[in-house]
Amino acid sequence: MKKKTLSTILILVSFCSFAQERVTFSEKYKKENLGKYKIEINEVKELIQIMLAITNSGKENDDMVQQEGQYYQDVLNHFKSYENENIIRTFDSLMVSSPYNYIFLTGNAISYNFKGNKLVKSKVFIFPATAVANMKIDKNPITTYKDEIEKFAKKSNFRKFYSEHKEYYSGIISDYEKNANLGRQWKWLENNFETKRDSYIILCSPLINGLNYTGQFTNNNFSLIHMNLPPVDFYPNLTPKENELLNTRVMFTEIDHNYVDTPTEANKETINQIFAERKIWVNEDAEGTFAYPKPVNVFNEYMTYGVFVLYCKDHYDQATLDKVIKDITDLMTERGFPKMKLFIENLLKIRSKYPYEKIDKWYPEFLKQFEEIK
């Protein structure tokens, strides 16, 4: 299958830019969610994922849409006959005009809930996805196409399909709770960064593959991290530990964007100077590097994967850590970040010097190690 440019990218979505105006955390919501996390296969979001999966763009992109497994076949069997509906053609045209519309559509799906065959506005998520990289929108696309989405859901009998797969969805949620170590990751990040978050939500879909994204919402003195991720994977050719590391990495490198961001912003001027020579840090022949247009974006991508190495250093033996470092270096080099090996070496060096200090504290000294890189 053809893979389009946005695929294979793990993206930090700038949802938080307008977060205070676009979400509403009531006292009741705060009380019910403080210190907790949940994994959800949201009904309206799954509808949008399915609609995008049957567009021409979705069918051509097996990294954006997971096209392996029985669930995808179930989707095709049930919905393929509706692929020429006007709303599907409209969604395809949006994807063609900008692949970021995948995020605007799926990210804003949580702003509505089903009530019978109608979509009703969420009281919590008003307009959650407003900006991605350098692209911003000023109107919720789910609101724009609300009537057509409702008609598609009714005509295709989507709610019956969703209901029939609830047991399967429950299994995905159970696998996350057993195998993804979210609680351990959350605790480690808050012990190692000055940033604190109040709650997490994983918005999952069996149709998500390589295009994962994350963001944060802040309102009424409450912060929520949201992650849009595929189900956990179990590869028969990997050991249980290797499967654990793979699934942890996918989640961790989304979560830690929300912690890395704060010290990066505090040191943005220095980062923009040191990482200004793009050809040193980015191989632009690699697919997808356009999504990291600024030096600070490039640094953050290095840093989020580097911090995962630090997490592994604290939780696994040396042999496992060595393999993680090799795997991360190979992955990032393939993705267009050729200095990952050096980045990890400098990160481990500064960490050994300040093993008990918050990462925020040694950012300036860490950055100095790169000043002479050419």
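Residues numbered from 1 in each chain as written. Predicted model: local features only at pLDDT ≥ 70, side-chain atom pairs only at ≥ 80, totals over all residues. Heavy atoms only, no water.

Caption draft 1: Representation of the overall build of the protein chain within the structure. Broken down by element type, the protein chain carries 20 helices and nine strands. Relative to a compact globule of 374 residues, whose C-alpha radius of gyration would be 21 Å, the protein chain shows 21 Å and is just as compact. Dimensions of the protein chain along its principal axes, counting C-alpha atoms only, are 60 × 50 × 40 Å. Restricting the contact set of the protein chain to residue pairs at least 6 apart, pairs at least 24 apart contribute 79%. As presented, the protein chain carries roughly 16900 Å² of accessible surface, and 48% of it is formed by carbon and sulfur atoms. For the protein chain, the distance from the average site of its 50 positive side-chain charges to the average site of its 50 negative ones is 4 Å. (Helix = DSSP H or I, 4+ residues; strand = E, 2+ residues; numbered from the N terminus. Rg over C-alpha atoms; globule rule 2.2 N^0.38 Å. Contact = heavy atoms within 4.5 Å. Areas by Shrake-Rupley, 256 points an atom, 1.4 Å probe, with all protein chains shown as cover. Lys, Arg positive; Asp, Glu negative; His and termini not counted. Charge placed at Lys NZ, Arg CZ, Asp CG, Glu CD.)

Caption draft 2: Structural context of the nonpolar core. One finds Phe91, Met303 and Phe343 to be the most contacted residues of the largest nonpolar core, which totals 107 residues. Once residues within four sequence positions are removed from consideration, Met303 is found in contact with Asp256, Val260, Phe343, Leu347, Ile359, Tyr363 and Phe366. Core analysis: the next-biggest nonpolar cluster, separate from the first, contains eleven residues, Ile110, Phe125, Leu203 and Leu224 among them. (Core = buried A, V, L, I, M, F, W, Y, C linked by side-chain atoms within 4.5 Å. Buried < 20%, exposed > 50% of the residue type's maximum accessible area, 1.4 Å probe, protein only.)

Caption draft 3: Spotlight on the pairing of strand S8 (residues 212–219). Burial within S8 is extensive, with seven of its eight residues counted as buried. Here seven bridges tie S8 to strand S9 (residues 222–229), and the two strands are oriented antiparallel to one another. Within S9, the residue paired with Tyr213 across the bridge is Asn228. (Pairing = 2+ DSSP bridges.)

Caption draft 4: The pairing of S9, seen in detail. When you tally the buried positions in S9, you get eight out of eight residues, the bulk of the element. Sheet topology places strand S7 (residues 199–204) next to S9; six bridges connect them, and they run parallel. Pairing of Leu203 across the sheet is with Asn228, part of S9. The turn linking S8 back onto S9 is made up of two residues, and Asn220 within it adopts a positive phi angle of 55°.

Caption draft 5: View of the confidence of the model for the protein chain. Here the protein chain averages 91 in pLDDT, while 94% of its residues score no lower than 70. Segment residues 1–21 is flagged for pLDDT under 50; beyond a separation of four residues in sequence, or across chains, it makes 85 contacts in the model. (pLDDT = per-residue confidence, 0-100.)

Caption draft 6: Region of the structure containing the packing of helix H6 (residues 86–97) against helix H7 (residues 101–108). Interaxial distance between H6 and H7 falls to 8 Å at its minimum, and their mutual angle equals 130°. One finds that H6 runs oblique with respect to H7. Contacts from Phe91, Leu94, Met95 and Ser97 in H6 reach Asn101, Tyr102 and Leu105 in H7. Residues that form the contact of H6 with H7 fall into these classes: five nonpolar, two polar and no charged. (Axes fitted to C-alpha atoms, helices over the stretch in contact; angles between N-to-C directions. Parallel < 35°, antiparallel > 145°, perpendicular 65-115°, else oblique. Nonpolar A, V, L, I, M, F, W, Y, C, P; charged D, E, K, R; others polar.)

Caption draft 7: View of the packing of helix H13 (residues 240–255) against helix H17 (residues 295–315). Between H13 and H17, the least distance of the axes is 10 Å, while the angle of their chain directions is 135°. Accordingly, the angle class assigned to the pair H13 and H17 is oblique. H17 is crossed by H13, and the crossing has right-handed handedness. Here H13 contributes Leu245, Thr248, Arg249, Phe252 and Thr253 to the contact with H17, which in turn contributes Thr304, Tyr305, Val307, Phe308, Tyr311 and Cys312. Classifying every residue of the contact of H13 with H17 gives seven nonpolar, three polar and one charged. (Left-handed = near helix turned anticlockwise from the far one by under 90°.)

Caption draft 8: Structural context of the environment of Val307. With respect to the helices, strands and loops of the structure, Val307 is situated in helix H17. The class of Val307 is buried, set by a relative accessible area of 0%. Val307 sits 47 residues away from Val260 along the chain, and the two C-alpha atoms are 8.6 Å apart.

Caption draft 9: A look at H7. Among the eight residues that make up H7, eight are buried, leaving the element largely enclosed by the rest of the structure. Here H7 has its buried residues at Asn101, Tyr102, Ile103, Phe104, Leu105, Thr106, Gly107 and Asn108.

Caption draft 10: Here's a closer look at the pattern of salt bridges. Across all of its chains, the model carries 21 salt bridges by this definition. Notably, a salt bridge pairs Glu27 with Lys30, separated by 3.5 Å at the nearest N-O pair. Of this pair, Glu27 and Lys30 both sit in helix H2 (residues 27–33), three residues apart, which is roughly one turn of that helix. Close ionic contact of Lys353 with Glu365 constitutes a salt bridge, the shortest N to O distance being 2.6 Å. Remark: Glu365 occurs in helix H20 (residues 359–368) and Lys353 occurs in helix H19 (residues 340–353); sequence separation between them is twelve residues. (Salt bridge = Lys/Arg side-chain N within 4 Å of Asp/Glu carboxyl O.)

Caption draft 11: Spotlight on the side chain of Thr304. You can see Thr304 is positioned in helix H17. At 3.1 Å, the side chain of Thr304 and the backbone oxygen of Glu301 are in polar contact. Leaving out residues up to four positions away in the same chain, Thr304 has contacts with Thr253, Asp256, His257 and Val260. (Polar contact = N/O pair within 3.5 Å; in protein donor to acceptor, adjacent residues only side chain to side chain.)

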